[in-house]
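# A look at the structure
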Amino acid sequence: LGKLMSRWCSTHRLHESEARFLHNSRELTPDDTPLALGWADVPQGEEVQLRAEPRMSTGSAGEESASAPCAKRRRNSNSGDGSAAPAAKRVATAYVRWTKQRRQGLLETRPELRGQLNEQQKALSEEWRALGKEEKKPFEDEVARDRARAKEEKKPF
């Protein structure tokens, strides 16, 4: 796992001591091996999920604490004091709704695409283009209803 950890850190421009890697709440070390962690029993084609996150320092003499998940930066966020409602999200397009529904089926029929998001997206976009108007209509109708609902919610009282 040392090579994976090292590459993740260099990609995210962190020193290896500034990051930690977790699997099922267990912190991993560069010396851990898939065999020692019991991953040899994972069926072929299944994925093992690791969580990588920056460590938070306590500020005292270089000690590092167990990291809480990093807060994500939000666009159009409020002041953070909880006084304002969160910014409204955009209504998802018919294509986005369709891909959310279709992606799992695509991976079942074409398991070689698992983990290859770029290729998945290409396949999904080709399928979407090949769909007829009648097949797209339920998704477009859902978007229209959602847009009308969002417009009603934005109206001042």
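In this report, we go over the structure that sits alongside the text. (Residues numbered from 1 in each chain as written. Predicted model: local features only at pLDDT ≥ 70, side-chain atom pairs only at ≥ 80, totals over all residues. Heavy atoms only, no water.)

### Let's talk about the packing of aromatic side chains
- The full count for this structure, using the stated rule, is three aromatic pairs.
- Plain terms: the ring middles of Trp98 and Trp128 are 5.5 Å apart, the flat faces sit at 50° to each other, and that makes the pair tilted. Of this pair, Trp98 sits in helix H2 (residues 94-109) while Trp128 is found in helix H3 (residues 117-130), placing the two residues 30 residues apart along the sequence.
- With relative accessibility at 7%, the residue Trp98 sits in the buried group.
- Given a relative accessible area of 12%, Trp128 falls into the buried group.
- By the ring-pair criterion, three or more aromatic residues cluster together here, those being Tyr95, Trp98 and Trp128. (Phe/Tyr/Trp six-rings, centres within 6.5 Å; stacked < 30°, edge-to-face > 60°. Helix = DSSP H or I, 4+ residues; strand = E, 2+ residues; numbered from the N terminus. Buried < 20%, exposed > 50% of the residue type's maximum accessible area, 1.4 Å probe, protein only.)

### Some thoughts on helix H4 (residues 133-154)
- Helix length check: H4 (22 residues) gives 30 Å between terminal C-alpha atoms against 32 Å at 1.5 Å per residue, within 8%.
- A maximum bend of about 25° is found in H4 at Phe139.
- Among the residues making up H4, those that are buried are Lys136, Phe139, Val143 and Ala150. (Expected span 1.5 Å × (residues − 1). Bend = angle between axes of the 7 residues up to and from the residue.)

### Describing the sheet that holds strand E1 (residues 19-23)
- Spatial strand order, E2-E1-E3: three strands in an open sheet with antiparallel pairing. For this open sheet the edge positions go to strand E2 (26-27) and strand E3 (51-54), each flanked by a neighbour on one side alone.
- Pairing analysis gives two bridges linking E1 to E2, with the strands arranged antiparallel. For His23, the partnering residue across the bridge sits in E2 and is Arg26.
- In this fold helix H1 (residues 2-11) packs onto E1 and E3, with an angle of close to 130° to the strand it touches most, E1. (Pairing = 2+ DSSP bridges. Contact = heavy atoms within 4.5 Å. Axes fitted to C-alpha atoms, helices over the stretch in contact; angles between N-to-C directions.)

### Structural notes on the nonpolar core
- Listed in full, the 11 residues of the largest apolar core are Ala94, Trp98, Leu106, Leu107, Leu113, Ala123, Leu124, Trp128, Leu131, Phe139 and Val143.
- Of all the elements in the fold, those that place two or more residues in this core are H2, H3 and H4.
- Per element, the largest residue contribution to this core is four residues, and it comes from H2.
- For Leu107, the contacting residues outside a window of four places in its chain are Leu113, Arg114 and Gln120.
- Ala19, Phe21, Leu28 and Leu37 belong to the second largest nonpolar core, which has seven residues in total. (Core = buried A, V, L, I, M, F, W, Y, C linked by side-chain atoms within 4.5 Å.)

### Quick word on the pattern of salt bridges
- The full count for this structure, using the stated rule, is 12 salt bridges.
- The salt bridge involving Asp146 is made with Arg97; its shortest N-O contact spans 2.5 Å. With a gap of 49 residues between them, Asp146 in helix H4 and Arg97 in helix H2 connect regions that are remote in the sequence.
- Note that Lys137 is salt-bridged to Asp141, the shortest N-O span being 3.3 Å. With Lys137 and Asp141 both in helix H4 and four residues apart, the pair spans about one turn of that helix.
- Accessibility expressed as a relative area gives 38% for Lys137, which makes it partly exposed.
- Accessibility expressed as a relative area gives 30% for Asp141, which makes it partly exposed. (Salt bridge = Lys/Arg side-chain N within 4 Å of Asp/Glu carboxyl O.)

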